[in-house]
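# Structure at a glance
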Amino acid sequence: MRLLIVEDERRLALSLAKGLRAEGFAVDVVHDGREGLHRAREGTYDLVVLDIMLPGMNGYHVCGALRAAGNEVPILMLTAKDGEYDEAEGLDTGADDYLTKPFSYVVLVARVRALLRRRGPGASPVVRVGALTVDRGARRVERDGREVPLTAKEFSVLEQLATRAGDVVSKPDILEHVWDFAYDGDPNIVEVYISALRRKLGAGLIETVRGAGYRLRG
């Protein structure tokens, strides 16, 4: 899952990004409202964490512009403001949830996961593909009823395949959702993680479709 953080308090933004990356998310960070709007429009994000008080363009306007353009990405608003009218304005412009600073990091992660679970038809917390069970909330994987320990990145790669089971998922698509915008390494890193998943889950579970990508089979 790939997240965008739009937050002008740099220490907070970098701290959130570090924590969310440790949870297995790919995270991009920008500190300006206009840049945030540009990234959200141009990138393929699963969720945006959006501060309200931003230079260039405030969070209300960023959120409103995305919704006016038909962009349905889940948005979690952050603000130092407190009060029901501020919350109402955020929700009225199209935000999906609202968190007032200072907030608990544990609560923020829980809100992020809740929003991700609610989005789209393939967003059920538990995805079952044959004998494989992927619990997106608990970040737990079982094969034939036996838990299979995965690293955060391995889980994220598997999650992309599991939520689109039966479909071919391209290498660029996996990179876009699992690695952040700043990644400029070898795109064949995806093959490394596919190989690791095959070792742990069984060689026949993930099929390579030549020239197209990978497909998770039931």
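Look a little higher up for the structure.
All values derive from a computational prediction rather than experimental measurement.

Moving on, we come to the nonpolar core. Counting 24 residues, the largest nonpolar core has Ile 174 and Leu 216 as the members making the most contacts within it. Contributions of two or more residues to this core are made by strand E6 (126-129), strand E7 (132-135), helix H6 (152-162), helix H7 (171-178), helix H8 (189-201) and strand E11 (213-216). Take this core: its biggest share by element is five residues, from H6. What Ile 174 contacts, discounting residues up to four positions off in sequence, is Val 157, Leu 161, Val 169, Trp 179, Val 190 and Tyr 214.

With respect to the secondary-structure elements, Lys 101 resides in the loop between strand E5 (97-100) and helix H5 (105-118). Of note is the side chain of Lys 101, whose polar atom sits 3.3 Å from the side chain of Asp 51.

Turning our attention to the pairing of E11. Across four bridges, the pairing between strand E10 (residues 206-209) and E11 is antiparallel. Across the sheet, Val 209 pairs through a bridge with Gly 213, a residue of E11. Joining the antiparallel neighbours E10 and E11 is a turn of three residues, in which Gly 211 adopts a positive phi near 75 degrees.

Strand order in the open sheet formed by four strands is E6-E7-E8-E9, and the pairing between neighbours is antiparallel. Unpaired on one side and paired on the other, E6 and strand E9 (146-147) mark the two borders of the sheet. Relative to strand E8 (residues 140-143), E7 runs antiparallel, the two being bridged by four bridges. Across the sheet, Thr 133 pairs through a bridge with Glu 142, a residue of E8. In the packing of H6 onto the sheet, contacts are made with E6, E7 and E8, and the angle to E7 comes to roughly 110 degrees.

Through backbone hydrogen bonds, the strands of a sheet pair up, either in parallel or in antiparallel fashion. The strand order across the open sheet built from five strands is E2-E1-E3-E4-E5, with neighbouring strands paired in parallel fashion. The outermost strands of the open sheet, each flanked by one partner alone, are strand E2 (26-30) and E5. Each adjacent strand pair in this sheet contributes to an overall mean axis angle of 20 degrees, direction not counted. As judged from the four bridges shared by strand E3 (residues 47-51) and strand E4 (residues 75-79), these two strands associate in the parallel manner. Paired with Val 49 across the strands is Leu 76, a residue of E4. On top of the sheet, helix H3 (residues 59-68) reaches E3 and E4; it is set at about 170 degrees to E4, its chief contact.

Attention now moves to the environment of Ala 138. Along the chain, Ala 138 falls in the loop between E7 and E8. Ala 138 sits in the exposed class, given a relative accessible area of 51%. Taking the C-alpha atoms as reference, Ala 138 lies 9.7 Å from Arg 113; in sequence the two are 25 residues apart.

Reading the values: rules and limits
- Residues numbered from 1 in each chain as written.
- Predicted model: local features only at pLDDT ≥ 70, side-chain atom pairs only at ≥ 80, totals over all residues.
- Heavy atoms only, no water.
- Core = buried A, V, L, I, M, F, W, Y, C linked by side-chain atoms within 4.5 Å.
- Buried < 20%, exposed > 50% of the residue type's maximum accessible area, 1.4 Å probe, protein only.
- Helix = DSSP H or I, 4+ residues; strand = E, 2+ residues; numbered from the N terminus.
- Contact = heavy atoms within 4.5 Å.
- Polar contact = N/O pair within 3.5 Å; in protein donor to acceptor, adjacent residues only side chain to side chain.
- Pairing = 2+ DSSP bridges.
- Axes fitted to C-alpha atoms, helices over the stretch in contact; angles between N-to-C directions.

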